[in-house]
Amino acid sequence: MDRLQALKVFVAVAEAESFAAGARALGLSAPSATRGVNELETSLGVRLFTRTTRQVRLTDVGRTYLDDIREALARLQDADDTAAGTATMPVGRLRLTCPNEFGRIYVSPILTEYLDMYPAMTADVVMVDRVVNMIEEGFDVAVRIGPLPSSNLVAVRVGQVRRVVCGAPSYFAKHGVPQSPADLAEHQIVDAAPVNTARDWRFAPGKGQFAPVSPRMIVTSIGAAIEVARSGWGLTRVLSYQIGPDLEAGTLRTVLDAYEPDILPIHLVHVEGRHAATKVRSFVDLATKRLRDITVLRGAALHRD
C-alpha cells in the first residue's frame, strides 16, 4: 500500500474506531486496512493505536498525528479541487449553529457578507444557547464558547470572552462603583434566568470566590437584563461579547475586573479533511478573519473601572 493510501486508511480507522468500518468506508478489506496501518506504524517507529478484541483507540501520539494528517490531506484536496476548477465557487446550503446573542451581534453580519460573496450559497442558522450534536443534527459549523471536549472535530480558536459585571455610567454616578464582590450586596441587581440560575456569582479563586446576590429583578433573557442595565437601573452579569457594542460605545462599563474568573475561549468547530466541503472551508476562513478582528473578542479591556 502506498503512503498516501495508508494515511487515508489511518484517518478512516481513527474516525470509525474500527479497522473493519474504516476499511468499508474506503472500499477496502479489513486485512488490507490492518496491513496499511501496521506498515505506517513500522515506518514511523511508533504505535498509533491501542488494540483490543473490543475496540481500537488512538494513542497520544496517534491523536496528534491525526490532526496533522487531516490538515495535510485537506491541503492536498484543496490543491486537487483548485486544479480541477471545482473550488472556485462554493455551492449548496451551509448549516450553522451558535449562541443566540453571539449570532445576533457577530455571526449574522459575517454570514450576510459570505452569502453576498457566493450567490450560489444559502444558509440555515440555528441560534440556541445549548451545545448541539453537530453530526447527529447535521450542522457544518458551530460556534463554541468555553472549554472543548475531546472529539474528532477540528476547532479554530477565534477569540476569548470574560464573565463580567456591568452597569451604565449613570448608575455608577448615582450609586457608586463596587470595589469588591462583597459590595454587590449594597447594589441593585438584575439577573437573567434560567441562564444564571445560581444566586451566588463565582469570581476568581482566592479573591472572594463567591458573592451572594439578591436580585431585585429576574428576567428570562440576557438581552432584557442588558437593556435594564443600560437604562441605569442596576447591575447585571454577562459574557463580555454580549455587551461588546455597549463597551465600545461607552453605554455600559465593566467593574470588578480584578475578580473575574478565567477567560473562556471561542472556537469555530467543523469537520476537517476530506469531509470538509468547499462551502465549509470558505466560510470558516472568512469567519476566522472577521472574528479575530473584533476588539472585544480579543479580550481587550474596554471601559473598565
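What counts and how
- Residues numbered from 1 in each chain as written.
- Predicted model: local features only at pLDDT ≥ 70, side-chain atom pairs only at ≥ 80, totals over all residues.
- Heavy atoms only, no water.
- Phe/Tyr/Trp six-rings, centres within 6.5 Å; stacked < 30°, edge-to-face > 60°.
- Helix = DSSP H or I, 4+ residues; strand = E, 2+ residues; numbered from the N terminus.
- Buried < 20%, exposed > 50% of the residue type's maximum accessible area, 1.4 Å probe, protein only.
- Lys NZ or Arg CZ within 6 Å of the ring centre and 35° of its normal.
- Contact = heavy atoms within 4.5 Å.
- Pairing = 2+ DSSP bridges.
- Axes fitted to C-alpha atoms, helices over the stretch in contact; angles between N-to-C directions.

Let us now look at the packing of aromatic side chains. Evaluation of the coordinates by the stated rule reveals nine aromatic pairs. Measuring from centroid to centroid gives 5.3 Å for tyrosine 114 and phenylalanine 283, while their planes differ by 85°, and the two rings are edge-to-face. Within this pair, whereas tyrosine 114 is found in helix H5 (residues 100-117), its partner phenylalanine 283 is found in helix H10 (residues 278-292), the two being separated by 169 residues in sequence. Here tyrosine 114 and phenylalanine 283 have matching classes, each one buried. Aromatic rings pair up to connect Phe10, Phe19, Phe49 and Tyr65 into one cluster. Seen from the ring of phenylalanine 139, arginine 95 lies directly overhead, with NZ or CZ sitting 4.3 Å from the centre. The cationic tip of arginine 237 hangs over the ring face of phenylalanine 203; the distance from NZ or CZ to the ring centre is 4.3 Å.

This part takes up the environment of glutamine 242. Structurally, glutamine 242 is set in the loop between strand S12 (236-239) and helix H9 (244-249). Take glutamine 242: its relative accessible area is 10%, and that puts it in the buried class. Considered as a pair, glutamine 242 and asparagine 100 are 142 residues apart in the sequence and their alpha carbons are 9.6 Å apart. Excluding its chain neighbours within four sequence positions, the residues that come into contact with glutamine 242 are Glu101, Ile105, Ile222 and Ile226.

Within strand S7 (residues 163-167), four of the five residues are buried, which leaves the element mostly enclosed by the surrounding structure. Two elements, S7 and S12, share four bridges in a ladder whose sense is antiparallel. Within S12, the residue paired with cysteine 166 across the bridge is threonine 236. Direction of pairing for S7 relative to strand S13 (residues 253-255): antiparallel, over a ladder of three bridges. The partner of glycine 167 across the bridge, within S13, is arginine 253.

By the criterion of burial, strand S14 (residues 264-270) is predominantly enclosed, with seven of the seven residues buried. Across the two faces of S14 the burial is the same, with Leu264, Ile266, Leu268 and His270 and Pro265, His267 and Val269 all buried. Pairing geometry for strand S5 (residues 141-145) and S14, over five bridges, is antiparallel. Of the residues in S14, the one forming a bridge with valine 141 is histidine 270. Bridge count for strand S6 (residues 154-161) against S14 is seven bridges, and the pairing is antiparallel. Opposite alanine 155, over in S14, you have valine 269 as the bridge partner.

Right, let's talk about the sheet that holds S13 for a bit. Adjacent strands of a sheet pair through backbone hydrogen bonds, lying either parallel or antiparallel. An order of S12-S7-S13 is seen for the three strands of this open sheet, with the pairing classed as antiparallel. Of all strands in the sheet, those bounded by a partner on one side alone are S12 and S13. Here the average twist between neighbouring strands, direction ignored, is 55°. Strands S7 and S12 of the sheet are contacted by helix H8 (residues 222-230), whose axis makes an angle of about 130° with S12.

The next point concerns the sheet that holds S6. Taken in spatial order, the five strands line up as S4-S3-S5-S14-S6 in an open sheet, and their pairing is mixed. Each edge of the open sheet carries a strand with a single partner, namely strand S4 (121-127) and S6. On average, each strand axis in the sheet is inclined to that of its neighbour by 20°, with strand direction left out of account. Where H5 meets the sheet, it contacts strand S3 (92-98), S4, S5 and S14, and its direction lies at approximately 180° from that of S4. Where H10 meets the sheet, it contacts S3, S4, S5, S6 and S14, and its direction lies at approximately 20° from that of S6.

Purely geometric stuff here, so don't read any function into it on its own.
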